[in-house]
Each structure stands twice: as structure tokens, then as C-alpha cells.
Amino acid sequence: MTSTKKTAISRRSTLGLLGGAALAPAVLPGLSGFAQAQSSAPIKIGFQLHRTGIGAAYGRWYERTSNAAVARINEMGGINGRPVELVIEDDGTDPKRGAEVVEKFATQHECDIGFGTLFSHVVYGSAPRAGELKLPYFVCSEGHHVASGALNRYVLQPGITDVKSQVQAMAPFVADNLGKKVTMIFPDFAFGHDHRDFFSEAIEAQGGEVVAKIAIPPTETSFTKYFPQIPRETEVIYHVMVGPAVLTFVKEMGEFFGPSRPEIFGFIDSLEAVDLSSPGLEFLEGTYFWEGNPRYAQADQSDHDKAYRAAIGIDDNGASLTDSADVSTYAHMFSCWETLNVIKRGMETAGYQGPADRVKLIEAIEDMTDMAHSDDHPQGAKLFNGKTHQVFGHQYISQVEEGRLNVKHTTAIEDGFYEDEVDYTAQSF
Amino acid sequence: MRQFRFPALAGLLALCPTVALAHVSEGALVLLLPTGFYTAAGIGAVIVSVVIAALMTQRGAGMLFASADMGGRSFPRLHMCASFFGFSLFISVLLAGVLGEQHPLKNFMPLYVWTLLWLILPAVQVLIGNIWSWLNPWAFAGLFLSKNGQGAHKPCWPALICFLAIYLFAMVDIAPDAPARLAMIAAGYWLFHMAMIFWKGSGWLGRGEGFSVLFTLLAHLSPFAAGRIGMPGHRVHSMASPRLSLAIFAIAMLAAGSYDGINETFWWLAQIGVNPLAFPGRSQVVTPMVLGFVAAQCALLLSFSATCYLGWRLAGSAGSYRGFFSLMALALLPIAAGYHIAHYLTAFMVNGQYLKIALLDLIRETDSSLQFRPFITTGFFNRPASVQVIYTVQASAIVIGHILAILLSHSFALRLSGTRRQALISQLPLIVFMIAYTFLGLWLLASPRGV
């Protein structure tokens, strides 16, 4: 009797297990695809995330975007038949902690690569350690630091264009449509200086000129006294003010000019994640912005952008589907999505199996050139420069119309080209 | 070459561990608010409270801070349960810290220390009373010790040192919320105090452990303190002659809270040569932050001592200066509490969501029918109306703290002085001090912040 009971339970358990095994691929999408792999161990991507510190507002959206991208990759069968796992470490937006995190990826977590860093000072703090540990390190920071040659062969930026390219690509549109005499208003530190230097050079190449460069001290919170420095001949104001005083800046500029103002062009960095209906921003109506990726769904929105927004949970105004006031960092966070897809393609091309293939992975990505506008690259087509480890792509120029940004011009990829400043492929591994 | 790509979102509170908030909108919208009006109104309210206090008699003060027994009974078994709950919770979060996901905003170890204990519990202690007795992970040890009360009335200098060390750790450590690392540090801290309890008796907690003294002092402000109901601060009012160490602990609380606000301002960052739009990271400012913290502690201690001394001398040096100083220092407790609530409100609004999600995830583990994936939002920092409400709550916390402090200090002065006139004279320098401190608190709220 006892024996029979045991057998019955055993049979039921076995059936249950079998049933469970059969059902598993249906319940866990993508699992069936992993079965073909030589190893089913996950590919570990160390995600150096600004969860805390000054980068946290961006970090929250970078995490959400990256999780969505990895979920999609796994649903499609992972990479080389293996699931992908994000190993996330908070770097506190701190360069020293950043280097420690990179070391943890390589030695403690046994990650295949490092990924996701945004703030340039953290990239600078971390990249040398990645090079020493021979850990491929994919940054999403837009800094010119990769293409300038300041880093090393293990550092790549294949998911987003750099600021030099972005600023340069604006010059033809500004000169042809807004005016050739430009006054620049920028915060007086490295961020503003880059804009000043890159744009001055680019607008001169278009036959224009910067007639005044107004540097605002970073601690300034009232701007009225600076506006009289704007020359009368100014046709365009180029502004890149940032920080908590940005709404005050726009409001005071509006009050200064009143109804008659020159054309105004800015970088959305000033207002990334800021609701355009915020008080003081009414004055921006009719002005232009650079956008890395259009925050508002456009009339000719691509299916790729639609799928990308849906995957992350973003509405047509660039805000969270769960809170319309929670505006995302839409102009930049696509870099995480696209970088992960480049990593996937690179690993598949290299037949990547494990850390021993890291060099093959870098070489495979260095060999990449065209990246087509697709679900993998919803921001647009891109061209990768293997020598400088930097990708080039389209930029968007949008105008504020009735409180939303409508794209008026999409630059050609070539508009952002500049001469190579480094050839990382000449460096040894 | 540009060092920072995204200074636009350099927000606030980044120096507080696990504060995931860094958002330009709130700070930008606050700069558009008529903060000068709020500041004037706040200071006006404090001045009105000064007039009311000046008219108060000792009997009136006694009535103001009178309390009634809530008729609560002692439940030894419940106390035992609470003790084990606190201990079990602590061990659980330690294990989560070491074994769980190393996410500073999802792992229960940093959520327990920095969100529950650091952000939420101080406010809960003030509003509701001594919830710490349920969370205290050492309390159970008292059940096994016969000499429970030994040492409880000794000076609390060791606790003061612990408190300052915890604050400094929170402000300057490179990764105070890395879960496994924090678990190791918390375990070490817990073991040290456990050993001290077994050596010195369970009274050690009341004089040697920073959190216990901090939370006990804050609970004294509660309307429900000590099993009695009354005006907030009635328990503080009933304290006869606090130890000098406890008085200095109260000053240290206010100094720490004040510096916590000051160090984020454009003004302070400019003083230490840091560009507020390009904060270089905690590791790059350790020395100035430590020096600033020490300076703030010294500055408040010295300025408050001098203010008290002046008041005491003006009033004819009646009684001991030490006694006068100690009672006046206790009157600072409501200001410290007000600063805490004002400073950490926005952090709580974000981190509270993480704590809620982590707790809901626990439920989900056991009930797979609950299908949800809530996202964290900071949308309330984007809406002018909600930012105005947040700012008003913060400013109110500061102002109410000061009003309560003035009523307490006047009441103490009436108790110590022979006459109402003498009491008022002794309070004149303190009134100036309190009004100046109100201004500082409201200025901090309205200031642009760079980290």
C-alpha cells in the first residue's frame, strides 16, 4: 500500500516536472532560443549606472531603457543563443567609484564587458582601468573624449554621436535659415567652452560669424545684466544655459526682448526632462532646439520609434506612460538601447563565447560601418568609424510650436563629420 | 575639453546616500516662486510667536505644555515581541545586503539604513513617538541582562561621537549605499554596541549608541511622548536638568542638519572652489566636506554658547550657566526636527517609492497573482503646483520648528528666572539667534543647489 502511494506521487511529480519543462519555453519567451547554445550561461554586461549622485535623473531613464533593450534581446533569443544579463553597479556619478565599479565588473562579477556610462568625468575616471583590465567598455556619454584620442582601444562609443559632431552639424541650418551673425550665451566652464569653440569654427566654415561670446559664471542666477551685451546686429542667439537657473534665464530673456527678438537656437540639454509647459518657457515658442532624438512623436513617426517608445513605456510627448509629468531624457537615452544592439551584433559577428574573445569583439565592432535605421537603431541610421571608435548619425532640429517640439530639419550624417583625431586600431591590445 | 555632458540635471541632495533624486525642475521652479515673500512671512510668524512667548507666565507655559496620561498599559510580552522584531529585521536586512541584488535603491540594506532610519524614522519619531523601540536591533539583549538600567544616566559622549561618525559617513563616504559594503559596516557597528551592552549593561544604548540617543531625543518632541498626550515637545518641557552631553548632542543635531543643507548650495560650492553646475563627485570633495562639517559643528556650538552666555549675564547670572545653557540647547530640538523634515522631504518622495516597490516585491514573491511593475516617478517636481506645495510644507516645517523652540526656551527661562522680566531679558539674544536661524533655514530652501 505504502509502495503504491509512493509510486503514484512519484509519477505525478514526474509528470508535473515534464509538463513544467514543456511549458517553460511558452511561459518564458526566448528561453527556447537559448537551448541551441553551446553554453547557456548568460552573457554578463556590467552596467555602470548613475543611480545616485548628480547623474541620477538620467540614470533612472538609462536603466529603464537598458532593461527594455535587454528584455527585447532576450525575447529574440539572446546573443549567440545565450541570455543576456545586466549586472548593474551604482557608480554614484563619481570618477573614483567608477573605476572601482569597472574593476568589480572584471574581477568580481566576471562580466564580459562594461557598458552605459554617461557623465564624462566618470568616463575619464573609469576608462584607464577598463584598459588595464582589458575590459571592453562601451560608453554612452556623447563626450568627444573617445574620438579625441584621450582614452584607449578598449573604450568605444557606438550608440550616440559626440558633441563636436552635434554642434558642427547645426551650423549649416543656422546659417542658411536663421542668420549668419550669432551671439553665443553659454556657462563659463568646460561644457560651455566646448560649444563656444566647436560652433564658432563650424559657423565660420558656413560663412557666418560669432559676433559676441557671453560667458555666464556658473553660480549666476539672474541674467538681466548680461543681455545688454548682445550686439544689435545679432541675428541668432545660440544658448546652452544649464542648471537650476535655466527657467529664470529663459524668462528674463523673454522679458528683455519682448515681442521683437532675434532667432533663438539652443540645445535641449538645457531642458532635458523638463516639461516644456513649465512657467517661464512660454517665451521659447517659435525658437529652435537641437534634439538627439525627437521627444515628441512626429507626424511621420517611424515604426521603429513607435516600437521603441512602447518597449520603454513612453508616451507621444516623451513622458512616462504611468505619469505624464514624468518627462524622460528622450534626447539621449536611446544611446543605451542602440549600444546594446551594437554589442549584440558585434558579439554575433565575432562568434563571442567568453572573455577570451574580448579582442575579437572589439575588432568586429571596429569593422562595422553602416547601421541601418531599424528597431535596433530607432533614432536613425548611423555610420561607425572604427578608427576613432565613434559613431556618427543624424541630428534633429526642432521648433517649439504650441508647446511641443516639431522637427524642422534632419541633418545628413556627413554634416557631423570631422577629420580623425586618433586611430585606435593602430594601438595594441 | 568638456568634463560634463549633462550639468542641466545636476540636482539636489546628491550628497545624501541613496537619494536617487537629481532633478533640475524642482530647483528651477523654486527659483521662480516668490520665496522672498515666504521668507518674510515665515520670519513674521516667528516674531509673533516671540511676542506671545514674552506675554507668557510660568503658569501659562505649564498649561501650554501640559500633558495627559493616555492610559496606556505596559505589555511585557509585547515589548519582548518588539525587541525580537527589531533584531530579526536587522539580521534579515544584513542578509539581504550581502546576498541580495546590489541595487542601492532596491536592496533592503540601504533602504533600511538610509531610507527607513535616516529619512523616515526621524519624522515618525517626532510625529508619532518612539517607534524606534520596535526597530532597535539591540533591545532584545536587555531581556537577558539583569543590570538593565546601569549607565543610563551617565554622559552620552560616546553616542555623540557615533552620531557624528554616522553623519560624516553618510556625507563623505564614496559608496555609503553599496549594499554588501554597508551590511559589513552595519554588522560591525551592531557587534561593537552589542559587546558594549554586555560589558556595560543595556543602559549603554542610552548613552553610547548614536541612533538610540538621536531617536529618543526626537521622540521627546512627539505629542504622544512617554505615554502622555499634549503639545508637541511636552516631554522636552518636562525635562528638569539635562546632562551637558545631551545638550551638546542637540546642538550637534542642528549643526549637522544645517550643514547638510548648506553644503549643497551654490554659495558653499563656490566657497570650496567647486563649479555647482559640474559637481566632480563625492570622492573629489572629501576634505572640504569634512572640514565644513567640523566647522559647522564648532560654529554653532560657539555661537550658541556665546548667545546663551550673553542672555544669562544680561539676566543677572541667576543660577548656573551650565544649567541655563543645557536647557536652552534642548529647545533647539524642534528646529533640528524641522530642518530634517524640510531637507529630506523631496528625497523621501522619491526613495519612499523605492521602499514601497521593494516591499510590494516581497508580497509579489509570495503571491504571483499580483502583476504589476510600477515605475518610479519624479513628475511632481515638474509641476509648478506640486512644487509650490512641497516648498510650502518645507518652509512650514522650518517655521513651526522655530516657533516651538521659542515657546520652549521661554518656558525654560521662566522656570529658571524669578520674574517674567528677567526671563525675557535672558531670552533677548536667543530671540535674535532664532530669527536669524529662521532666515538661514528659509534661505537654504530658496537657494539654488548644485549637487
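Just so it is clear, the structure is predicted and the values come from calculations on it, not from any experiment.

Enquirer: So, the pattern of salt bridges: which residues are in play, and what are the values?
Expert: Residue and element names in this part refer to chain A. Inspection of the entire model under this criterion finds 21 salt bridges over all chains. With a closest N to O distance of 2.8 Å, D376 and R72 form a salt bridge. With D376 in the loop between strand 13 (370-371) and strand 14 (382-385) and R72 in helix 3 (residues 56-75), this residue pair connects regions lying 304 residues apart in the sequence. Classification of D376 as partly exposed rests on a relative accessible area of 28%. Its relative accessible area of 15% is what places R72 among the buried residues. We note a salt bridge from E100 to R97, for which the minimum N-O separation is 2.8 Å. Of the two residues, E100 and R97 are both situated in helix 4 (residues 95-108); the distance of three residues between them amounts to about one turn of the helix.

Enquirer: Residue-level account of the sheet that holds strand 3 (residues 113-117) of chain A, with values.
Expert: Residues and elements named next belong to chain A. The strand order across the open sheet built from five strands is 2-1-3-4-5, with neighbouring strands paired in parallel fashion. Single-partner strands in this sheet number two, and they are strand 2 (84-90) and strand 5 (155-156). Bridging between strand 1 (residues 43-49) and strand 2 involves seven bridges; their strand directions are parallel. Its bridge partner being in strand 2, L49 is matched across the sheet by D90. Across the sheet, helix 10 (residues 330-350) is in contact with strand 1, strand 3 and strand 4 (137-139); its angle to strand 3 comes to roughly 160°.

Enquirer: Kindly report on the interface of chain B and chain A, identifying the contributing residues and their values.
Expert: Tallying the contact residues gives 59 residues for chain B and 68 residues for chain A. The interface formed by chain B and chain A holds one salt bridge in total. In this structure, D323 of chain A and R383 of chain B form a salt bridge, with 2.8 Å as the shortest nitrogen-oxygen distance. At the boundary of chain B with chain A, the tally comes to 12 residue pairs in polar contact (both at pLDDT 80 or more). Those elements that provide at least two residues to the side of chain B that touches chain A are helix 1 (24-32) and helix 13 (266-271) of chain B. Sorting elements by how many residues they give to the side of chain B that touches chain A places helix 1 of chain B first, with seven residues.

Enquirer: Give me the confidence of the model for chain A: which residues, what numbers.
Expert: Overall, the prediction assigns chain A a mean pLDDT of 90, with 91% of residues at 70 or greater. Every residue in residues 1-33 of chain A scores below 50 in pLDDT, and together they form nine contacts with partners more than four places removed in sequence or on other chains.

Enquirer: Report on helix 3 of chain A, specifying residues and quantitative values.
Expert: All names here are of chain A. Spanning 20 residues, helix 3 covers 28 Å between terminal C-alpha atoms, matching the ideal 28 Å at 1.5 Å per step. Most of helix 3 is tucked away: 17 of the 20 residues are buried. Taken from the residues just after helix 3, G77 is the one with a positive phi, measuring 110°.

Enquirer: Give a description of the sheet that holds strand 14 of chain A that names residues and reports values.
Expert: Residue and element names in this part refer to chain A. On the basis of which strands lie adjacent, the open sheet formed by three strands has the order 13-14-15 and antiparallel pairing. Of all the strands in the sheet, the pair left with one neighbour each is strand 13 and strand 15 (390-393). Of the strand pairs in this sheet, strand 14 and strand 15 are connected by four bridges, and their pairing is antiparallel. Of the residues in strand 15, the one forming a bridge with K382 is G393.

Enquirer: An account of the packing of helix 7 (residues 157-172) of chain B against helix 14 (residues 286-314) of chain B is requested, with residue identities and associated values reported.
Expert: All names here are of chain B. Relative to each other, helix 7 and helix 14 sit at 145°, their axes nearing to 10 Å. As helix 7 runs across helix 14, the sense of the crossing is right-handed. Across the interface between the two elements, L164, Y167, L168, M171 and V172 of helix 7 pack against V286, M289, V290, F293 and Q297 of helix 14. Its residues assigned to classes, the contact of helix 7 with helix 14 shows nine nonpolar, one polar and no charged.

Procedures and definitions
- Residues numbered from 1 in each chain as written.
- Chains lettered and ligands numbered in written order.
- Predicted model: local features only at pLDDT ≥ 70, side-chain atom pairs only at ≥ 80, totals over all residues.
- Heavy atoms only, no water.
- Salt bridge = Lys/Arg side-chain N within 4 Å of Asp/Glu carboxyl O.
- Helix = DSSP H or I, 4+ residues; strand = E, 2+ residues; numbered from the N terminus.
- Buried < 20%, exposed > 50% of the residue type's maximum accessible area, 1.4 Å probe, protein only.
- Pairing = 2+ DSSP bridges.
- Contact = heavy atoms within 4.5 Å.
- Axes fitted to C-alpha atoms, helices over the stretch in contact; angles between N-to-C directions.
- Polar contact = N/O pair within 3.5 Å; in protein donor to acceptor, adjacent residues only side chain to side chain.
- pLDDT = per-residue confidence, 0-100.
- Expected span 1.5 Å × (residues − 1).
- Left-handed = near helix turned anticlockwise from the far one by under 90°.
- Nonpolar A, V, L, I, M, F, W, Y, C, P; charged D, E, K, R; others polar.

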